[in-house]
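# A closer look at the structure
Residue-level listing of the chains:
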Amino acid sequence: MISTKCLLTAGVLLVGIVGMNRGSQAEETASLKKVFKDDFLVGTALGTRQIAGREAGALELAAKQFNSITPENCLKWAEVHPEADEYDFEASDEFVEWGEANGMFIVGHTLVWHNQTPPWAFAGVDGKPLDRETALARIKTHIDTVVGRYKGRIHGWDVVNEAINDQGKLRTGPVGTWPNRGEPWHAAIGDDYIEQAFRMAHAADPEAELYYNDFNEWYPAKIKAISELVTGLKAKGVRIDGIGLQGHWGLDYPTLEEIDTMFTEYGKLGVKLMITELDVSCLPAPDSETGADITRIVSAGPGQNPFPNGLPPEKQEELAARYAAIFQLFEKHRDKIERVTFWGVHDGQSWRNNWPVPGRSDYPLLFDRKMQPKSAFEAVIGTATSE
Ligand code: XIL
């Protein structure tokens, strides 16, 4: 513990010492939302336990550091609309209330997706495959009810999630198991299911911003396909405000060049860009996959969980340097970037402890399991140009 601290940067050491002196006027950890206030919003995903106030300190930290919130799970179809005639708004109501009380830009995630959607939604009528009319009616009811409930209160929605595969084609076919993930909404409705979903979301809340959200967006095939999607929607007069770039990244992927090119290319479309789910895994990738398909589960091989008791100082510094380089790019493209949202408040919460390899200890965020700032936090603060 002591030796680890000695090796951390002076800034973190200072924060640690000052942090122990609770109540002191001198106690002042920098704030992400403050240092980037002229550049972009800085958000976090809140888990359902956190929203319920059952994780001591998490909401306080979120309120201090962030000015935007996304629900990690509670607004996904399976959570909020588990049966055709059953909705559960307990967590999402609390989420929105907390966001309003704390002046947050509130994001809804996500309306139309092939994952975390209950089987009934994809089931056909009378044993037949799901038909277009039924599928559209289900999506409309879902969107009317969920978006309508938070009309004027949720400021932006991830309307469609992960519709395009790594080859730049629309996903289709039955749900399937990874790597043959299908898109039952496309299979039932056809190519225009995205357009229809955006139209319905706009009708349900004309003031809300509407986004398309995906992973691996730096792949050239996806840049092309997502650009065509956005251009096509705009040409038809369909409201689309932005592209959500998830950002489940690693220490060595995507390259800085790939990130840079991604912003430049999407920047030509004239829509807002946002990093919506940022985390940087510090663990060895089990294979060459870079996507974030939640159903891709790989069992741990030898050496796959190298840091069960904490991240060694040299890895802390590697993470800090990686975060600094990424945020320098965010600063470079700040004219196009509206928001940067981390996928969780602190390392203990991160889904990357269990994905793609279950049961590992990962360190992908800026705050550690004790909710203390890491050297990566100081590194990110150091990239801010506005203060
Ligand atoms: C993840 C959550 O973090 C996990 O808690 C859940 O078990 C699975 O989903 N892309 C997305 C997010 O759009 O909704 C996913 O969130 C991560 C990948």
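You'll find the structure just up there.
Structure report, in brief. Worth saying up front: this structure is predicted, and the values here are computed from it rather than measured.

This part covers the overall build of the protein chain. Broken down by element type, the protein chain carries 15 helices and nine strands. On C-alpha atoms alone, the protein chain measures out to a radius of gyration of 21 Å, which is about the 21 Å that the 2.2 N^0.38 rule sets for 387 residues. The dimensions of the protein chain, computed from C-alpha atoms along their principal axes, are 65 × 45 × 40 Å. For the protein chain, the share of sequence-separated contacts (at least 6 apart) that also reach a separation of at least 24 residues comes to 78%. Accessible surface computed for the protein chain: about 15800 Å², of which carbon and sulfur atoms make up 53%.

One pass over the structure, following the stated rule, counts 18 aromatic pairs. Ring centres 6.4 Å apart and planes at 55° place the aromatic pair Phe-40 and Phe-327 in the tilted group. In this pair, Phe-40 sits in the loop between α3 (32–35) and β1 (41–46) while Phe-327 sits in helix α14 (residues 313–332), placing the two residues 287 residues apart along the sequence. Across the pair, Phe-327 and Phe-40 agree in class, each one buried. Arranged with centres 5.1 Å apart and planes meeting at 50°, the rings of Phe-367 and Phe-377 form a pair that is tilted. Taken together, the residues Phe-367 in the loop between β9 (337–342) and α15 (375–381) and Phe-377 in helix α15 connect sequence positions ten residues apart. Just as Phe-367 is buried, Phe-377 falls in that class too. Grouping aromatic residues by their ring pairs yields a cluster made of Phe-36, Phe-40, Phe-66, Phe-263, Tyr-323, Phe-327, Phe-330 and Phe-342.

Relative to the 16 Å expected for twelve residues at 1.5 Å per residue, helix α7 (residues 90–101) spans 17 Å between its end C-alpha atoms, a close match to the ideal helical length. If you check which residues of α7 are buried, you get Ala-91, Ser-92, Asp-93, Phe-95, Val-96, Trp-98 and Gly-99. Taken from the residues just after α7, Gly-103 is the one with a positive phi, measuring 65°.

What follows is about the packing of helix α13 (residues 256–267) against α14. One way to put it is that α13 packs onto α14 with a least axis distance of 10 Å and a crossing angle of 20°. The angle between α13 and α14 falls in the class roughly parallel. Along this stretch, α13 crosses α14, giving a crossing that reads as right-handed. Along the contact surface, α13 presents Leu-256, Ile-259, Asp-260 and Phe-263, while α14 presents Arg-322, Ala-325, Ile-326, Leu-329, Phe-330 and Lys-332. Of the residues belonging to the contact of α13 with α14, the class tally is seven nonpolar, no polar and three charged.

The immediate surroundings of the ligand are formed by 15 residues, with Glu-72, Lys-76, His-109, Glu-277 and Trp-343 found nearest. Within the side chain of His-109, a nitrogen or oxygen atom sits 2.7 Å from an oxygen atom of the ligand. Note that an oxygen atom of the ligand is positioned 3.0 Å from one of the side-chain N or O atoms of Asn-161. For the shell around the ligand, the per-class residue count stands at five nonpolar, six polar and four charged.

Before going further, it helps to spend a moment on the pairing of strand β3 (residues 105–112). Among the eight residues in β3, seven count as buried, and that is most of the element. Looking at chain direction, strand β2 (residues 68–71) and β3 are connected through two bridges and run parallel. In the sheet register, Ser-68 faces β3, and the bridge partner there is Phe-105. With four bridges joining them, β3 and strand β4 (residues 156–161) adopt parallel strand pairing. Across the sheet, His-109 pairs through a bridge with Asp-158, a residue of β4.

One can find Asn-216 in the loop between β5 (209–214) and α12 (220–235). With a relative accessible area of 1%, Asn-216 lands in the buried category. Here Gly-291 takes part through its backbone nitrogen, which lies 3.4 Å from a polar atom of the side chain of Asn-216. Those residues within four positions of Asn-216 in sequence are excluded, and the remaining contacts are Asp-166, Lys-222, Thr-290 and Gly-291.

Cut-offs applied
- Residues numbered from 1 in each chain as written.
- Predicted model: local features only at pLDDT ≥ 70, side-chain atom pairs only at ≥ 80, totals over all residues.
- Heavy atoms only, no water.
- Helix = DSSP H or I, 4+ residues; strand = E, 2+ residues; numbered from the N terminus.
- Rg over C-alpha atoms; globule rule 2.2 N^0.38 Å.
- Contact = heavy atoms within 4.5 Å.
- Areas by Shrake-Rupley, 256 points an atom, 1.4 Å probe, with all protein chains shown as cover.
- Phe/Tyr/Trp six-rings, centres within 6.5 Å; stacked < 30°, edge-to-face > 60°.
- Buried < 20%, exposed > 50% of the residue type's maximum accessible area, 1.4 Å probe, protein only.
- Expected span 1.5 Å × (residues − 1).
- Axes fitted to C-alpha atoms, helices over the stretch in contact; angles between N-to-C directions.
- Parallel < 35°, antiparallel > 145°, perpendicular 65-115°, else oblique.
- Left-handed = near helix turned anticlockwise from the far one by under 90°.
- Nonpolar A, V, L, I, M, F, W, Y, C, P; charged D, E, K, R; others polar.
- Near = heavy atom within 4 Å.
- Polar contact = N/O pair within 3.5 Å; in protein donor to acceptor, adjacent residues only side chain to side chain.
- Pairing = 2+ DSSP bridges.

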